[in-house]
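The residues making up each chain are set out below.
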Amino acid sequence: MWSNLASGALSLRGVLQSEAIFQSISKRSAESLVARGDSHGGDIMLIVLLLINIAIFVPASIFVMYTLSELLPVLAIVEDDKPPSYTPLANNDATELENSTKNNKAVPTPASNASTSAAAEEEEGGEEDPAPPVTSSIRSIITRLRAIKGRLPLFHGLLCAAACQFALVSVTFALAVIPFVPGVVALVAASLITMPLQAAWTHVAITAPSSRPFWRRIPPFRTTFRAAALPTLVLWLAAGSTTQLPLGMLTTLMGGLGGGSSRPGDAWKACVALVFYVLSWALITIPANVVLTRIQVSLLPDGDRAATIVPLDHAFAAAREEGREYMTMAEAWRTFSRPAWIRLLKLHAKIFGLSLAVYLGLAALVGVELVLVQVIGHLI
C-alpha cells in the first residue's frame, strides 16, 4: 500500500485483528446480558455496543495506522531542512494553481512569494531565525494539514491508500493461487506490479488536494519500475529481517518457544529482543523506507511540485534540473541530511508515544464498557 509496503500489509492485518478483538469482547459481554435477562434487551445491547466500537475503534485505528504511521513520516522524509516561511496553499489556491498550470500561465505561489520576501529581507540585512520545519512536531503537521485539507485533514490521501491496499491484496491472491508460488513470493511480486499506484499515493500524500482523481496521477509503469524496483525489494528484505532477526534471537535466548511455563530470566530476554527489534527497525527498515519514498517523490511531475504540503527538499529540484527522471538509490540516501534523520527519528518516537497513548485509552474504554455491561446485566 503506502510508502512502506510491508508495514502497509501488516497495518491492515492489525486493524482487522484489533477490531475483531474489541468486537469479540463486546459480543461476549452482550451475550452475558442475554443469559441474564431478556433476549430482546440483550440483542439491543449487542447492537449498541457494536455501533459504539465501530464509531470509536475504527477511526482511532485508522488514525494510528495510517495518519501517524504512514502520512506523517512521508511528509518528514521529503521536507527541506531549511524551509521558507510561507503560508500553505489553501484549497482554492491549489485549484487556481492547477488551472493556471494547465493554461501555461505563471501564477505566483506562496512559496515563491515567501522566497522573494525572504530575499528582500536578506538584502535589507535582516537576520531573523528561519522557521523550524513543519515536521518538527506532530501538532505543526496536523495544523498544516488542517489549513490545506480543511475537512478530514488527518485522512488526507486515504482513498488512494485504500485503493493501493486493495490492489496489493487482490494481486497477491491472484498470484498465490498459481501452483508452486509461495505466499511471500506472491506478495513481493504484487508489490512490484503495484509500484505505480504506490508512487501515486506518495504524490497524493505530499501535495494539496487536487481536482484530478488519483488514478490520473499514476506515473508510467516502465519509469516507475526502473526507479523503484530495487528499492522496493530492499525494503521488503529490510522489513523481513527486522521481523525475523529479533524472533530468532528471542528463540535462541529462551532455548525455544512454546515450552509452557515461564522460566527465570525470560523477562529480561524478552526485553533484549524488544530492544533489538526497535534498533533493527530504526537502523534497517526506516532507512530503506526513506530511500524508496524519496525515489518515488523524485517522479513527481513539475506541475505538482509547487502545490506540496511542505516545501520539498532542494535535492529533488536539483535532480530534475540535471535532466534526470528520478533519483538513484545512492543519491536518495546521500541527499537526506543528518538534521533530517534526527527530525525523522524524533517524529517516529513521538508517533510511538502518541500511538501507545491512544491504545491505552481504547483499552481503558473497553474496561469501562465491560464494567457497565456487568452492572446493567445485574440490574436486568
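Preceding this paragraph is the structure being described.
Presented here is a report on the structure given in the accompanying data block. (Residues numbered from 1 in each chain as written. Predicted model: local features only at pLDDT ≥ 70, side-chain atom pairs only at ≥ 80, totals over all residues. Heavy atoms only, no water.)

**Quick word on the pattern of salt bridges**
So, point 1. Applying the stated criterion to the full structure yields nine salt bridges.
So, point 2. One salt bridge in this structure joins Arg-226 and Glu-325, with 2.7 Å as the shortest N-O distance. With a gap of 99 residues between them, Arg-226 in helix 9 (residues 221-254) and Glu-325 in the loop between helix 11 (314-321) and helix 12 (329-334) connect regions that are remote in the sequence.
So, point 3. Under the relative-accessibility criterion, Glu-325 is labelled partly exposed at 45%.
So, point 4. Between Arg-305 and Asp-302 there is a salt bridge, with the nearest N and O atoms lying 4.0 Å from each other.
So, point 5. With relative accessibility at 16%, the residue Arg-305 sits in the buried group.
So, point 6. One continuous salt-bridge network, built from bridges that share partners, spans Arg-212, Arg-217 and Asp-304. (Salt bridge = Lys/Arg side-chain N within 4 Å of Asp/Glu carboxyl O. Helix = DSSP H or I, 4+ residues; strand = E, 2+ residues; numbered from the N terminus. Buried < 20%, exposed > 50% of the residue type's maximum accessible area, 1.4 Å probe, protein only.)

**Some words on unusual backbone geometry**
So, point 1. The phi angle at Phe-180 is positive, at roughly 70 degrees, despite the residue not being glycine.
So, point 2. Tracing the backbone through its elements, the reader meets Phe-180 in the loop between helix 6 (158-176) and helix 7 (183-193).

**Focus on the packing of helix 6 against helix 8 (residues 195-206)**
So, point 1. The N-to-C vectors of helix 6 and helix 8 enclose an angle of 165 degrees; their axes lie 9 Å apart at closest approach. As far as their axial angle goes, helix 8 and helix 6 are roughly antiparallel. Every pair of crossing elements has a handedness; the one defined by helix 6 and helix 8 is left-handed. Residues Cys-160, Ala-161, Ala-163, Cys-164 and Ala-167 of helix 6 form the contact with helix 8, whose own contacting residues are Leu-197, Gln-198, Ala-200 and Trp-201. (Axes fitted to C-alpha atoms, helices over the stretch in contact; angles between N-to-C directions. Parallel < 35°, antiparallel > 145°, perpendicular 65-115°, else oblique. Left-handed = near helix turned anticlockwise from the far one by under 90°. Contact = heavy atoms within 4.5 Å.)

**Structural notes on a nonpolar patch on the surface**
So, point 1. On the surface, Ile-44, Val-48, Ile-52, Ile-56 and Leu-365 cluster together into a nonpolar patch covering about 350 Å² of accessible area.
So, point 2. Of the residues forming the nonpolar patch, the biggest block, four residues, is contributed by helix 2 (residues 39-78).
So, point 3. As for its position among the elements, Ile-44 is in helix 2. (Patch = residues over 30% accessible without salt bridge, like charges linked within 9 Å, V, L, I, M, F, W, Y side chains within 5 Å. Areas by Shrake-Rupley, 256 points an atom, 1.4 Å probe, with all protein chains shown as cover.)

**Notes on the packing of helix 6 against helix 7**
Packed helix pairs are characterised by how far apart their axes lie and by the angle those axes make with each other.
So, point 1. Direction vectors running N to C along helix 6 and helix 7 enclose 130 degrees, while the axes themselves pass 8 Å from each other. Looking at the two axes, helix 6 sits oblique to helix 7. The two elements helix 6 and helix 7 meet at a crossing, and its hand is right-handed. For the pair helix 6 and helix 7, contact is made by Leu-168, Val-171, Thr-172, Leu-175 and Ala-176 and by Ala-186, Leu-187, Ala-189, Ala-190, Ser-191 and Ile-193, respectively.
So, point 2. Grouping the amino acids of the contact of helix 6 with helix 7 by side-chain chemistry returns nine nonpolar, two polar and no charged. (Nonpolar A, V, L, I, M, F, W, Y, C, P; charged D, E, K, R; others polar.)

**Description of the nonpolar core**
So, point 1. Judged by nonpolar contacts, the single largest core of 56 residues is most densely connected at Leu-72, Val-78, Trp-201 and Ile-206.
So, point 2. Sorting the residues of this core by element identifies helix 2, helix 5 (138-149), helix 6, helix 8, helix 10 (266-298), helix 11 and helix 13 (338-379) as the ones contributing at least two each.
So, point 3. Here the element with the most residues in this core is helix 2; it accounts for 13 residues.
So, point 4. Once residues lying within four places of it in the same chain are set aside, the contact partners of Leu-72 are Thr-67, Ile-138, Ile-141, Leu-347 and Ile-351.
So, point 5. One finds Ala-228, Leu-235, Ala-238 and Ala-288 within the second-largest nonpolar core, a separate group that totals eight residues. (Core = buried A, V, L, I, M, F, W, Y, C linked by side-chain atoms within 4.5 Å.)

**Considering helix 8**
So, point 1. In this model helix 8 runs 17 Å from its N-terminal to its C-terminal C-alpha over 12 residues, within 8% of the 16 Å that 1.5 Å per residue would give.
So, point 2. Counting buried positions over the 12 residues of helix 8 gives 12, a clear majority of the element.
So, point 3. Three or more residues of helix 8 are buried, namely Met-195, Pro-196, Leu-197, Gln-198, Ala-199, Ala-200, Trp-201, Thr-202, His-203, Val-204, Ala-205 and Ile-206. (Expected span 1.5 Å × (residues − 1).)

**Section: the packing of aromatic side chains**
So, point 1. This structure, assessed with the given rule, holds five aromatic pairs.
So, point 2. Aromatic ring contacts, followed pair by pair, group Trp-333, Phe-336 and Trp-341 into a single cluster. (Phe/Tyr/Trp six-rings, centres within 6.5 Å; stacked < 30°, edge-to-face > 60°.)

**As for the environment of Leu-175**
So, point 1. Among the secondary structure elements, Leu-175 is positioned in helix 6.
So, point 2. When residues no more than four places from it in sequence are discounted, the contact partners of Leu-175 are Val-181, Ala-186, Ala-189, Ala-190 and Ile-193.

**Quick look at helix 6**
So, point 1. The end-to-end C-alpha separation of helix 6 is 27 Å, in line with the 27 Å expected for 19 residues at 1.5 Å each.
So, point 2. Considered for burial, the residues of helix 6 that qualify are Cys-160, Ala-161, Cys-164, Gln-165, Ala-167, Leu-168 and Thr-172. When helix 6 is viewed along its axis, its buried side chains cluster within an angular range of 160 degrees and face the same direction. In helix 6, those exposed residues whose orientation departs by more than 90 degrees from the buried face are Leu-159, Phe-166 and Phe-173. (Arc of directions from axis to C-beta.)

**Some thoughts on the environment of Ala-227**
So, point 1. Residue placement: Ala-227 occurs in helix 9.
So, point 2. Sequence spacing of Ala-227 and Ile-295 is 68 residues, and the spatial spacing of their C-alpha atoms is 6.8 Å.
So, point 3. Excluding anything up to four places from it in sequence, Ala-227 contacts Ile-295, Leu-299 and Tyr-326.

**Focus: the environment of Thr-202**
So, point 1. Structurally, the position occupied by Thr-202 is in helix 8.
So, point 2. Overall, the relative accessible area of 0% leaves Thr-202 in the buried class.
So, point 3. Measuring from C-alpha to C-alpha, the distance between Thr-202 and Leu-299 comes to 10.0 Å, with 97 residues separating the pair along the chain.

**A few points about the state of the cysteines**
So, point 1. One pass over the structure, following the stated rule, counts zero disulfides.
So, point 2. The structure places no disulfide on Cys-164, whose sulfur is separated from the nearest cysteine sulfur, that of Cys-160, by 4.2 Å.
So, point 3. Note on Cys-164: relative accessible area 0%, which makes it buried. (Disulfide = S-S within 2.5 Å.)

Taken by themselves, the reported measurements are silent on function.
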